[in-house]
Amino acid sequence: MDLNSLFGVKDKIVLVTGGSRGIGLMIATGFVANGAKVYVSSRNKDVCDKVAKELSDKGPGKAFSVPADLQHLNEVKKLANEIEKREGKLHVLINNAGANWGAPFASYPDEAFEKVMNLNVKRVFSLTQACLPLLEKAASPKDPARVINIGSVDGMRVPFLETYAYPASKAALHHLTRIMAGHLSDRHITFNNIAPGPYESKMMAKTLKDFGEIIRSSVPLGRIGAPEDISGTAIYLSSKAGAFTNGATILVDGGSFTKPLNSKL
């Protein structure tokens, strides 16, 4: 079997939430570059529209803007309905949209904890639930539909900063993915997590600015993640090569999980 057939995603219909920046944009860029039809979703319509146009101009695939604020259930349903109206099916759902919040334990706001858990866990469930009929329509025994949830290495270890809700939400997401794989994969859909380490993103910008050298030194490969590292993993999981990978959490962190920091940031 040739590599294009084994790892190809040409003409697949893909939805990437949080796809206008950071890891979501890296993933969306990789799919468009390999001929997929990608729907990019984020809260900001102007940014979403701009990114979709830029990606489509580069080709060879196409990108389309479908803005939505996924903190709200009605927006989740609206997004799924829009994909149904435009395509009638969905090959790959990438749940990447997420939130973070850092604060000392004693002053950690209740509303911040709620916001992080809602977007990072509850709305992943809500959107997957809303898109399930679309995924089933695209699925077949030899080429299942795919749900890829973007977790975090911090969902598998104690993080260096006091973020509390974020690592708890990612740990919950990792297990939620396994639960969905166990109960729903008989519909010819796979469910997997990607757990990234440090990458250039808006969420990580301040942390990398303040602690970049320490973070890089904590990665055995000596660098932070590149766009092709994360997009390549998502493409693998969406291709024939990844068709039998199910219920997995794949670390894409340069080995940082194996080398925890001893210094308190």
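About the criteria used
Numbering of residues starts from 1 in every chain and runs along the sequence as written. In keeping with the model being predicted, local features are shown solely for residues with a pLDDT of at least 70 and side-chain atom pairs are shown and tallied solely at 80 or more, while totals for entire chains, interfaces and linings include all residues. Think of the side-chain values as coming from all heavy atoms in the structure, minus any hydrogens and water. UniProt positions are given in the numbering used here, feature names are shortened, and annotations may be inferred rather than shown by experiment. Per the convention used, a helix needs a DSSP run of H or I reaching at least four residues, while a strand needs a run of E reaching at least two, with both numbered from the N terminus. Definition of a polar contact: a pair of N or O atoms within 3.5 Å, with one able to donate and the other able to accept a hydrogen when the atoms are protein atoms, and with sequence-neighbouring residues admitted only if both atoms are side-chain atoms. In what follows, residue pairs with any heavy atoms lying within 4.5 Å of each other are defined as contacts. To obtain an axis, a line is fitted to C-alpha atoms, over the contacting stretch when the element is a helix, and the angle between two such axes runs from 0 to 180 degrees between their N-to-C directions. The scheme is simple: roughly parallel for angles under 35 degrees, roughly antiparallel for over 145, roughly perpendicular for 65 to 115, oblique for anything else. Throughout, a crossing is termed right-handed when the near helix is turned clockwise from the far one, and left-handed when it is turned anticlockwise from it by less than a right angle. The nonpolar class holds Ala, Val, Leu, Ile, Met, Phe, Trp, Tyr, Cys and Pro. Asp, Glu, Lys and Arg form the charged class, and all remaining residues, Gly among them, are polar. A helix is expected to span 1.5 Å for every residue after the first. For every residue, the accessible area obtained with a 1.4 Å probe (protein chains only) is divided by the maximum for its type, and the residue is called buried under 20%, exposed over 50%, and partly exposed between those limits. Criterion used throughout: strands pair if DSSP finds at least two bridges between them.

Recorded under Sequence similarities (unreviewed entry), the UniProt text for the chain is reproduced unchanged: "Belongs to the short-chain dehydrogenases/reductases (SDR) family."

### Examining the side chain of Asn 118
Inspection of the secondary structure assignment puts Asn 118 in helix 5 (residues 110-138). A distance of 2.7 Å separates a polar atom in the side chain of Asn 118 from a polar atom in the side chain of Gln 71. If we skip the residues at most four places from it in the chain, Asn 118 touches Gln 71 and Arg 123.

### A word on the packing of helix 4 (residues 73-86) against helix 5
The interhelical angle for the contact between helix 4 and helix 5, taken along N-to-C directions, is 15 degrees, at an axis separation of 9 Å. Of the possible angle classes, the one that applies to helix 4 and helix 5 is roughly parallel. The two elements helix 4 and helix 5 cross, and the hand of that crossing is right-handed. Within the contact between the two elements, helix 4 uses Leu 73, Val 76, Leu 79, Ala 80, Ile 83 and Glu 84 and helix 5 uses Arg 123, Ser 126, Leu 127, Ala 130, Cys 131, Leu 134 and Lys 137. When its residues are assigned to classes, the contact of helix 4 with helix 5 shows 9 nonpolar, 1 polar and 3 charged.

### Considerations on helix 2 (residues 22-33)
Along an α-helix, residues three or four apart share an orientation, since each turn contains 3.6 residues. Counted at 1.5 Å a residue, the expected span for helix 2 with its 12 residues is 16 Å, and the 17 Å between its end C-alpha atoms agrees. Counted residue by residue, helix 2 has 9 buried out of 12 residues, so it is predominantly covered. All buried positions along helix 2 are accounted for by Gly 22, Ile 23, Gly 24, Met 26, Ile 27, Ala 28, Gly 30, Phe 31 and Val 32. Within two residues after helix 2, Gly 35 carries a phi angle of roughly 90 degrees, on the positive side.

### Re the sheet that holds strand 6 (residues 189-196)
Spatially, 7 strands are ordered 3-2-1-4-5-6-7 in an open sheet, and the strand pairing comes out parallel. Of all strands in the sheet, those with a lone pairing partner are strand 3 (62-65) and strand 7 (249-252), marking the two edges. With strand direction ignored, the average angle separating the axes of adjacent strands in the sheet is 20 degrees. Bridging between strand 4 (residues 92-95) and strand 5 (residues 145-150) involves 4 bridges; their strand directions are parallel. Counterpart to Val 92 in the pairing with strand 5 is Arg 146. Strands in contact with helix 3 (residues 45-58) are strand 2 (37-41) and strand 3; relative to strand 3, the strand with the most contacts, it is inclined by about 170 degrees.

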